[in-house]
Amino acid sequence: MKRLLPLSIFSLMVLFGCDPAEETPEQPKLSGGVWNLEAASVQASGSAMLPGSPVAIPVSLTGTGEQYQMSVTFGEDPKSVVAEGGFVFLVEASAAGIPVRSERFPIQGNERFTGNWELKDGQLLMEDLDDSFVMDVLEFTPNRLRVATVPDASDFEEFDFEGVTVGEARAEFLLIR
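Cut-offs applied
Residues numbered from 1 in each chain as written. Predicted model: local features only at pLDDT ≥ 70, side-chain atom pairs only at ≥ 80, totals over all residues. Heavy atoms only, no water. Helix = DSSP H or I, 4+ residues; strand = E, 2+ residues; numbered from the N terminus. Buried < 20%, exposed > 50% of the residue type's maximum accessible area, 1.4 Å probe, protein only. Contact = heavy atoms within 4.5 Å. Areas by Shrake-Rupley, 256 points an atom, 1.4 Å probe, with all protein chains shown as cover. Polar contact = N/O pair within 3.5 Å; in protein donor to acceptor, adjacent residues only side chain to side chain. Pairing = 2+ DSSP bridges.

(A) Broad picture of the overall build of the protein chain. Along the protein chain, the regular secondary structure elements total 1 helix and 11 strands. Here the protein chain, with 177 residues, has 41% of them falling under the buried criterion. Summarising the internal contacts of the protein chain: among those between residues at least 6 apart in sequence, 67% fall at separations of at least 24. Looking at the protein chain as shown, the accessible area adds up to about 9200 Å², and 49% of this sits on carbon and sulfur atoms.

(B) Inspection of the environment of Lys-79 at higher detail. Mapped onto the fold, Lys-79 is located in the loop between β3 (71-74) and β4 (80-84). Residue classification places Lys-79 among the buried residues on the basis of a relative accessible area of 18%. Along the sequence, Lys-79 and Leu-119 sit 40 residues apart, while their C-alpha atoms lie 9.9 Å from each other.

(C) Representation of the environment of Arg-177. As for its placement among the helices and strands, Arg-177 is situated in the segment after β11 (164-176). A relative accessible area of 31% means that Arg-177 is categorised as partly exposed. Leaving out residues up to four positions away in the same chain, Arg-177 has contacts with Lys-29, Leu-30, Ser-31, Gly-32, Gly-33, Val-34, Trp-35, Pro-142 and Asn-143. A polar side-chain atom of Arg-177 sits 3.1 Å from the main-chain carbonyl oxygen of Ser-31.

(D) Expanded view of the pairing of β4. With 4 bridges joining them, β3 and β4 adopt antiparallel strand pairing. Counted as the bridge partner of Val-72 is Ala-83 from β4. The antiparallel hairpin formed by β3 and β4 contains 5 residues in its connecting segment. Here β4 runs beside strand β7 (residues 113-120); their pairing, made up of 4 bridges, is antiparallel. Pairing of Val-81 across the sheet is with Gly-115, part of β7.

(E) Just the side chain of Thr-149, in detail. Among the secondary structure elements, Thr-149 is positioned in strand β10 (residues 144-149). According to the relative accessible area criterion, Thr-149 is buried, its value standing at 7%. There is a polar contact of 3.1 Å between the side chain of Thr-149 and the backbone oxygen of Val-134.

(F) Quick peek at unusual backbone geometry. Following Asp-77, the chain continues to Pro-78 via a peptide bond in cis, the omega torsion being 5°. Its location among the elements puts Pro-78 in the loop between β3 and β4. The backbone of Gln-67 shows a phi angle near 55°, a positive value even though the residue is not glycine. With respect to the helices and strands, the residue Gln-67 is situated in the loop between β2 (56-66) and β3. Positive phi values are uncommon outside glycine, yet Asp-121 reaches one of about 55°. As for its position among the elements, Asp-121 is in the loop between β7 and β8 (123-127).

Following this line, the structure appears as structure tokens:
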């Protein structure tokens, strides 16, 4: 779950970056203001091994963001991005459709993310010296940016539910200014 903060930031950059040659006066711009995280969600599915049994059962994880205190600023020249702050994911797990556990995971922004962004082919690309993130832009207006990404399965290792293997995941983030 720790990697969701940089993924969130990179997802936002993909949504707002545009090639200046393609811009028209009516198109929204990613730069020129502070974007605040308003909503975050994650959906994941996988399987869990029952203790002492070779049988795997289907597991689903649903994360809902809360306590949003994250902002993202996109620069124009150079195309820089700075994200700071954090939020909390409330992750709920169910096995075979039965709720089994919930836990809150802080997504801390005590490390400021500083990198570059580019909006290309409907994706927001963000990168710094250590990581690069690609997010699909789902909605982009002058005041709203909604992006989606596929988090790495290792992001779910902190969820202490022994024997769970996450197979698929998708995260969405909504920023407003």
